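Notes for the structure review
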Amino acid sequence: MASVIEGSTQRFSRLRRLRFPPIVGPLIVLIVLVLLITIINPRFLSPINLTNLARQSSILLIIALGETFIILMGSIDLSIEGNMALTSVIIGTLAANYFNSNDLGIWAVLLAVLAGTTMGLLSGIFVTKLRIPSFMATLGMWYVGLGLATYLSNGMNLPLLDPMILSWARGTIGPIPTLTFFGIAMFLLAFFIERFTRFGRYIFAIGGGEDRAKLAGIPINKYKIMAFTLAGFFIGVGGVLNSARIGAGTATAGLNQLFAAITAVVVGGTALTGGTGGVVQTLVGALIVIVISNGMLLAGVHSYAQLAVQGVIITIAVILTLDRSKLPYIK
Amino acid sequence: MSVITRLDKIRKTTNWVDIMPLATLIILVIIMSIGSPRFLMPSNLLGLLAQGSTLLVMGLGETFIILMGSIDLSIAPVAAMASIVVAMLLPGYGYLAFFAGLLFGVFAGALTGTVHTKARIPSFIASLGAMGLWTGVAFVITDATPITVATENSYLTKWVTGSTFGVTNVVYIAVVVLLITYILEKYTRFGRYVKAIGAGEKATKVSGVPIDRIKIKAFILCATLAALSGVLLSTKMAGGSARMADGFLLKAIAVVILGGTAISGGIGGVLRTVVGVLIVMVLDVGMNMFGVNPWFQQAIYGGIIILAVALTIDRSRITIIK
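Residues numbered from 1 in each chain as written. Chains lettered and ligands numbered in written order. Predicted model: local features only at pLDDT ≥ 70, side-chain atom pairs only at ≥ 80, totals over all residues. Heavy atoms only, no water.

1. Re the overall build of chain A
Secondary structure summary: chain A contains 14 helices and 4 strands in total. Radius of gyration (C-alpha) of chain A: 20 Å, near the 20 Å computed for a compact globule of 331 residues. Dimensions of chain A along its principal axes, counting C-alpha atoms only, are 55 × 50 × 35 Å. Counting only residues that meet the buried cut, chain A has 60% of its 331 residues in that class. Considering only contacts in chain A between residues 6 or more positions apart, those separated by 24 or more positions represent 79%. (Helix = DSSP H or I, 4+ residues; strand = E, 2+ residues; numbered from the N terminus. Rg over C-alpha atoms; globule rule 2.2 N^0.38 Å. Buried < 20%, exposed > 50% of the residue type's maximum accessible area, 1.4 Å probe, protein only. Contact = heavy atoms within 4.5 Å.)

2. Here we look at empty space enclosed by the protein
All names here are of chain A. All told, the structure shown has 1 cavity of 30 Å³ or more when counted by the stated rule. A volume near 50 Å³ is recorded for the largest cavity. As for the largest cavity, its lining consists of Val289, Ile292, Ser293, Met296, Gln306, Val309, Gln310 and Ile313. Those elements that provide at least two residues to the lining of the largest cavity are α13 (279-298) and α14 (305-321). Residue composition of the lining of the largest cavity, grouped by class: 5 nonpolar, 3 polar and no charged. (1 Å grid on protein atoms, 1.4 Å probe; cavity = no way out; pocket = protein on both sides within 12 Å on 5 of 7 lines; lining within 4 Å. Points joined across faces, edges and corners; volume = space filled by probe spheres on them. Nonpolar A, V, L, I, M, F, W, Y, C, P; charged D, E, K, R; others polar.)

3. Some points on a nonpolar patch on the surface
Nonpolar side chains collect at one region of the surface, where A:Leu104, A:Ile106, A:Trp107, A:Leu110, A:Leu111, A:Leu114 and A:Met164 lie side by side and expose about 670 Å² of accessible area between them. Relative to the helices and strands, A:Ile106 resides in helix α5 (residues 106-129). (Patch = residues over 30% accessible without salt bridge, like charges linked within 9 Å, V, L, I, M, F, W, Y side chains within 5 Å. Areas by Shrake-Rupley, 256 points an atom, 1.4 Å probe, with all protein chains shown as cover. Salt bridge = Lys/Arg side-chain N within 4 Å of Asp/Glu carboxyl O.)

4. Some words on the confidence of the model for chain B
Scored by pLDDT, chain B has a mean of 88; 94% of the residues are at 70 or more. Element-level pLDDT for chain B is lowest in helix α1 (residues 2-13) of chain B, with a mean of 68, against a maximum mean of 95 in helix α5 (residues 96-118) of chain B. (pLDDT = per-residue confidence, 0-100.)

5. Quick word on the environment of A:Asn242
Looking at the element boundaries, A:Asn242 is found in helix α11 (residues 220-246). With sequence-adjacent residues up to four places away left out, A:Asn242 is seen in contact with A:Ile59, A:Met84, A:Ala253 and A:Gln257.

6. Section: the nonpolar core
With 206 residues, the main nonpolar core has A:Leu78, A:Met136, A:Ile262, B:Ile71, B:Leu73, B:Ile125 and B:Ile253 as its most contacted residues. Looking at this core, the element that brings in the most residues is helix α11 (residues 211-237) of chain B, giving 14 residues. Among residues more than four places away in sequence, those in contact with B:Ile71 are A:Phe135, A:Met136, B:Glu62, B:Ile65, B:Ile66, B:Ser123, B:Phe124, B:Ser127, B:Phe219, B:Ile253 and B:Ile263. (Core = buried A, V, L, I, M, F, W, Y, C linked by side-chain atoms within 4.5 Å.)

7. With respect to the packing of aromatic side chains
One pass over the structure, following the stated rule, counts 19 aromatic pairs over all chains. Seen in terms of ring centroids, A:Phe233 and A:Phe234 are 5.7 Å apart; in terms of plane orientation they differ by 85°. Their pairing is edge-to-face. The partly exposed category is assigned to A:Phe233, whose relative accessible area is 28%. Ring centres of B:Phe64 and B:Phe190 lie 5.9 Å apart, and the angle between their planes is 25°; this geometry places the pair in the stacked category. You can see B:Phe64 sitting in helix α3 (residues 42-67) and its partner B:Phe190 sitting in helix α9 (residues 189-199), a full 126 residues away along the chain. (Phe/Tyr/Trp six-rings, centres within 6.5 Å; stacked < 30°, edge-to-face > 60°.)

8. Let's talk about the interface of chain A and chain B
Taken residue by residue, the interface counts 55 residues in chain A and 56 residues in chain B. Considering only the side of chain A, the residues that lose the most area to chain B are A:Arg131, A:Tyr143 and A:Lys331, jointly responsible for 17% of the buried surface there. Applying the counting rule to chain A against chain B returns 1 residue pair in polar contact (both at pLDDT 80 or more). Secondary structure elements with two or more residues in the side of chain A that touches chain B: α5, α6 (134-153), α9 (198-208), α10 (210-215), α12 (257-268) and α14 of chain A. Of the residues forming the side of chain A that touches chain B, the biggest block, 15 residues, is contributed by α6(A). The residue inventory of the side of chain A that touches chain B, partitioned by class, reads 36 nonpolar, 12 polar and 7 charged. (Buried area = accessible area lost by both parts, 1.4 Å probe. Polar contact = N/O pair within 3.5 Å; in protein donor to acceptor, adjacent residues only side chain to side chain.)

9. Concerning the packing of helix α8 (residues 169-187) of chain B against α11(B)
When two helices pack together, you describe them by how their axes are tilted relative to each other and by the distance separating the axes. All names here are of chain B. As a packed pair, α8 and α11 sit with axes 12 Å apart at the nearest point and diverge in direction by 175°. The angle between α8 and α11 falls in the class roughly antiparallel. Contacts between α8 and α11 involve Val170, Ile173, Val177, Thr181 and Leu184 from the first element and Leu221, Leu225, Leu228 and Leu232 from the second. Counted by class, the contact of α8 with α11 contains 8 nonpolar, 1 polar and no charged residues. (Axes fitted to C-alpha atoms, helices over the stretch in contact; angles between N-to-C directions. Parallel < 35°, antiparallel > 145°, perpendicular 65-115°, else oblique.)

10. What to know about the pattern of salt bridges
Residues and elements named next belong to chain B. If you walk through the whole model with that rule in mind, you get 7 salt bridges over all chains. With a closest N to O distance of 2.8 Å, Asp246 and Arg243 form a salt bridge. The exposure class assigned to Asp246 is partly exposed, which follows from its relative accessible area of 45%. Exposure remark for Arg243: the relative accessible area of 45% places this residue in the partly exposed category. Of the charged contacts in the structure, one is a salt bridge between Lys251 and Asp284, with a shortest N-O distance of 2.9 Å. Of this pair, Lys251 sits in helix α12 (residues 248-259) while Asp284 sits in helix α13 (residues 270-289), and the two are 33 residues apart along the sequence. What makes Lys251 partly exposed here is its relative accessible area of 23%.

11. Things to note about a positive patch on the surface
Residue and element names in this part refer to chain B. A surface patch of positive charge is lined by Arg189, Arg192, Arg213 and Lys217. For the positive patch, the secondary-structure elements that each account for two or more residues are α9 and α11. Within the element layout of this structure, Arg189 appears in helix α9. (Lys, Arg positive; Asp, Glu negative; His and termini not counted. Charge placed at Lys NZ, Arg CZ, Asp CG, Glu CD.)

Pasting the structure below:
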């Protein structure tokens, strides 16, 4: 049995190495974008703007890394905004804030991330044990999280006072924003999980062909639940950092993050059908999304227009990356 | 697992999806009438119907999409866009503004349907893209501030907000839409093909049905009805805004699934959506009566959707659940 699993996962990792070059496409897009925007507005490459870019891309990267594991399995997690809302409100009520006398410090962070992780765990359990499609289960969880967060915060912003948490988003270490170190650390963690753990290999196997992975003896449900939980963890961390960036716990902490995250994953080259792509692709994808939105801001485009642009980009990226041979019918 | 298998067996041997929603509705109504004797008073029931009409119109359109086994996630921003179109054009163009709103729905539906079928990407992602597109466009053209329609134009909205024989006109509009969609579902080739696509796309294709054309038509129908509900909302709120239909997506999908139309396609219909709307209306009233915080209600609906999908989905038809 073990050798069968090894054989199948080896084949998948070989396949993956063979398919590694697709990263070239998104990379070229990124470079062309950077060149174009710099020509239009040379301020784009100024140190201040580069620091901005590094700061902005870190939170998106962290959320998108979590979503990557889900999309690699061929599933989807639509609950990002609900998860971030809940983690944000929890950090806003438990860490030092203007509204109550709680001051749990790092424990507030851990509890908030734990809440996010639990959201992911629940999604995973619903998908596997109730056997319902992930987009429905996570659509439900989106509103469970958002509703709970708005209820707990009474629809208000809960300004944060904790200097440590605030410094994570606003401080710098040397010339580099602290947030970027969080982004790098989470990226390395995700990279390690993807490349060097059994979990990472099985995720590719499940996305590459769930029926075959099952025949090879992989406990599908266990790994799916683990993946949703891991995604919940990453998104929870993103929720905490975004609250620090906003400077408050709020149910709107996740606003429009679902779009940006899915766009980053798909634009990087991870196919919605699962099995191809990975966290390196997501890094490139997150940079593309941030460069586009930063470029649009520099060009003076209405900030709300970004949502419309991302809607179009998601669609185009899916059209380009979808492996249609894996879908007998497209519903 | 065993619970699921047992549940699947019950669902197959009985008319589960026929009985469950009606039984739920009756039980809820009984609980409500015991809790508050005023609940069954005609004035209260009429108020409920008026509230549910907009939701029903939106749910009826989504019914056809879910019957095919697809999903349209873009209905709320399409409704919001229609409300904005009406609010912007009403002062200058009068009644034509309503047609422009509906026309926007036709366009949005044609776009989603065409991208979904011709570019061959799943409907949930095509409509998610459309959701982002129309939300963004709605915020940009309104500059994120609601547009109000001056009261001197209120005579133009009487056809919705006025009442005939003591019942708000919006109820009659919803009933007309229900009749039309019922006829479409039961007595036209389109309705039969929609169900056939949901029941088995391969067999339907082999028998020569132009799948793509039917799908695009269904998406046009869904978005047009979403736009109509946006038009109805704009008359009620005397204006339009990008946030007009916030929260409608979840409820519109909830009414379809709670009524007993399975997310796996093929089973269900518009009459069940009526039952679904009634369940949601009674639940709304009940939760308000028991003082459940409105934001907490949203969380409850999230849970209800998960539960309803789990109870109605036909797992034998989806071999691998992603």
